[in-house]
Amino acid sequence: MFEFGREIRRIFGNQGRVETDPSLYELLNLKLLIAQGRHLDIEGGRVSTKNRFTPYLEAAQIWREYARRTGDPVALRRAASAAENAGKEAKTTSEAASAALEQALTCILGSELFETHELLDSAESLLSGGKAAIADDEVLKVRFAAVEARLAARNAARKGAQDLDPALHAMSRIDRAIDRADQRVRQTNAARDKLDAAHARFDRGDLLMMVGLDRADATLMAAVITDFDALRQRLDPDYEPVTYARVTLRLALARIWQGQIEGKPEGISLGIALLSNEDTATLDYEHSPLDWVEHKQALAMGLQALGELTLNQEVCDQAIAMYDLALKRPMQKQLTLRAQLVNNRAVCQARQAELKGDLKSLDAAEAAFKDELRMLKPQEDPVGWAIVQSNLARLYVARGDITGFMMERTEAAYALEAAHEIFSEHGMAALAESVQAQLSRVREQG
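Residues numbered from 1 in each chain as written. Predicted model: local features only at pLDDT ≥ 70, side-chain atom pairs only at ≥ 80, totals over all residues. Heavy atoms only, no water.

Draft legend 1. View of the overall build of the chain. Across its full length, the chain holds 20 helices and two strands. Its C-alpha atoms give the chain a radius of gyration of 23 Å, within 12% of the compact-globule value 22 Å for 446 residues. Taken over the C-alpha atoms alone, the chain extends approximately 75 × 45 × 45 Å along its principal axes. Within the chain, buried positions represent 53% of all 446 residues. At a minimum sequence separation of 6, the contacts of the chain that also span at least 24 residues come to 64%. (Helix = DSSP H or I, 4+ residues; strand = E, 2+ residues; numbered from the N terminus. Rg over C-alpha atoms; globule rule 2.2 N^0.38 Å. Buried < 20%, exposed > 50% of the residue type's maximum accessible area, 1.4 Å probe, protein only. Contact = heavy atoms within 4.5 Å.)

This is the structure:
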């Protein structure tokens, strides 16, 4: 499917570039995205180009798509620069609003990839200024509503599921955005509008799953499953491969978490089966590296949940192997996804030792974590170092539960305090909260 780039250029080409339609970007591999982005940058900067706004805006979309698939900070900066240039070249209020919208989307993506939450404040300012420039452009109004809803969802996720008010506020905005997007689809039946409607459902589903996990609410997971199952049936994996894979991933996770909440191995197995269908569940690594890694992580999480629920050591070992497979791929050390992988693998390893409930297993896990610490350099990878430290402390707590006395209480407290400081500095609220809870437990045992 992804070898058809030359034909795509021939059919949709215009002086070597694809005409404006972000839905076509899903069919472009990374090499074609780079070529497209560079060509558009050159076209926008060429003195002879009469309309520089359009190539700059397209370049911002291309580089943002490349950054989302790869986590490349250089591509993210190129997207931001191209969107800013588009704003400078805008000749109408609608063009200025479109450029502001693209800048805001780039800020939100940056926050998602690297947990740089101050970018969400920048996105809010951009959306506020851009929205004021919209006249009677209904298409732009629909898109602004969707991005504003997405921003509200990111802010709610940033605050966590403990405070429901931001989540409820975001949910209300997302529901309205979905209604408007669906209405737009009925009017146009355009591929771009369909994908916009799908992405709005991603925002709603992600928020519902966050709350459902926090509240252990299987009913919310069932609602997510229903919505994503219907959405998946409306997509074509041949023409919308990236969005289809992302829907499948979310549907599988919702099934896994529903099974975990209900204590039903068969529910978890349904999610694992979805992720194990290589024909439709995932993309090639070369086409979208981060989607591939997220798929492996989700599969590992499913195997981990199944292994813990059934006390099956072999399945737990398969989960560790899947985490290792994902971590072998090169990733930016600052990526949120990489931190999640390292943490989830460490938690899985620690949980295995806890489930066995014997000192020998805990000693083996401790030795493995200390080996990892010796290979890590805190200055180069502070988040990875903090994750291993926090999970080493978790082993000390588990050993204290077995023996009735925590000999390493001082070491555990030091590790957790250092990890909490690093997670807080890097804006990783969820990890910081988890470490704080462990630290409180250590102090109570003292």
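Draft legend 2. Structural detail: the nonpolar core. The biggest cluster of nonpolar side chains holds 79 residues, and the ones touching the most others in it are Leu33, Leu207, Met209, Phe228, Leu231, Leu275 and Val293. Here Met209 is in contact with Met221, Val224, Phe228, Arg250, Ala254 and Trp257, once residues within four sequence places are set aside. Among the nonpolar cores identified, the runner-up in size contains 35 residues, and Ala413, Leu416, Ile422 and Met428 belong to it. (Core = buried A, V, L, I, M, F, W, Y, C linked by side-chain atoms within 4.5 Å.)

Draft legend 3. Spatial organisation of unusual backbone geometry. The backbone phi angle of Glu115 is positive, close to 55°, even though this residue is not glycine. As for its placement among the helices and strands, Glu115 is situated in the loop between helix 6 (93-114) and helix 7 (118-132). Look at Glu115 and you get buried, because its relative accessible area is 18%. The phi angle at Ala216 is positive, at roughly 50°, despite the residue not being glycine. Mapping Ala216 onto the fold places it in the loop between helix 10 (191-215) and helix 11 (218-233). Exposure remark for Ala216: the relative accessible area of 48% places this residue in the partly exposed category.

Draft legend 4. Just the environment of Ser122, in detail. With respect to the secondary-structure elements, Ser122 resides in helix 7. Taking relative accessible area as the criterion, Ser122 reaches 33% and is therefore assigned partly exposed. C-alpha of Ser122 to C-alpha of Gln103: the two residues are 19 residues apart in sequence and 9.1 Å apart in space.

Draft legend 5. Summary view of the packing of aromatic side chains. Scanning the model with the defined rule gives three aromatic pairs in all. The interplanar angle of 80° and the centroid separation of 6.2 Å between the aromatic rings of Trp63 and Tyr66 together place this pair among those described as edge-to-face. One end of the pair, Trp63, and the other, Tyr66, are both in helix 4 (residues 53-70), three residues apart, so they sit about a helical turn from each other. Side by side, Trp63 and Tyr66 carry an identical accessibility label, which is buried. Centroid distance Tyr285 to Trp292: 5.3 Å. Interplanar angle 85°. Geometry classified as edge-to-face. Judged by relative accessible area, which is 9%, Trp292 ranks as buried. (Phe/Tyr/Trp six-rings, centres within 6.5 Å; stacked < 30°, edge-to-face > 60°.)

Draft legend 6. Region of the structure containing the packing of helix 17 (residues 359-375) against helix 18 (residues 382-403). Where helix 17 meets helix 18, the closest approach of the two axes is 10 Å, and the angle between their N-to-C directions is 160°. As far as their axial angle goes, helix 18 and helix 17 are roughly antiparallel. When the axes of helix 17 and helix 18 are compared, the crossing they make is left-handed. Of the residues in helix 18, those in contact with Leu359, Leu362, Asp363, Ala365, Glu366, Phe369, Lys370, Glu372 and Leu373 of helix 17 are Trp385, Val388, Gln389, Asn391, Leu392, Leu395, Tyr396, Ala398, Arg399, Ile402 and Thr403. Classifying every residue of the contact of helix 17 with helix 18 by side-chain character gives twelve nonpolar, three polar and five charged. (Axes fitted to C-alpha atoms, helices over the stretch in contact; angles between N-to-C directions. Parallel < 35°, antiparallel > 145°, perpendicular 65-115°, else oblique. Left-handed = near helix turned anticlockwise from the far one by under 90°. Nonpolar A, V, L, I, M, F, W, Y, C, P; charged D, E, K, R; others polar.)

Draft legend 7. Main features of helix 12 (residues 241-262). In this model, helix 12 (22 residues) spans 32 Å end to end at C-alpha, consistent with the 32 Å of a helix rising 1.5 Å per residue. Counting buried residues along helix 12, 18 of its 22 residues qualify, which places the element largely inside the surrounding structure. Backbone geometry just downstream of helix 12 places Gly263 in the positive-phi region, at approximately 70°. (Expected span 1.5 Å × (residues − 1).)

Draft legend 8. Region of interest: the confidence of the model for the chain. On average, residues of the chain carry a pLDDT of 88, and 94% of them reach 70 or more. Across residues 1-19, confidence stays below pLDDT 50; counting only partners more than four residues off in sequence or on other chains, it has 34 contacts. (pLDDT = per-residue confidence, 0-100.)

Draft legend 9. Representation of the pattern of salt bridges. A complete count under the given rule lists 25 salt bridges for this structure. One salt bridge in this structure joins Glu308 and Arg351, with 3.8 Å as the shortest N-O distance. Here the residue Glu308 occupies a position in helix 14 (residues 289-310), and Arg351 occupies one in helix 16 (residues 336-356), the gap between them amounting to 43 residues. A salt bridge links Asp381 to Arg338; the nearest nitrogen and oxygen atoms lie 2.9 Å apart. Note that Asp381 is positioned in the loop between helix 17 and helix 18 and Arg338 in helix 16, a separation of 43 residues in sequence. Residue Asp381 shares its accessibility class with Arg338, and that shared class is buried. Each of the salt bridges in this network shares a partner with another, and the network as a whole consists of Asp175, Asp182, Arg201, Arg204 and Asp227. (Salt bridge = Lys/Arg side-chain N within 4 Å of Asp/Glu carboxyl O.)

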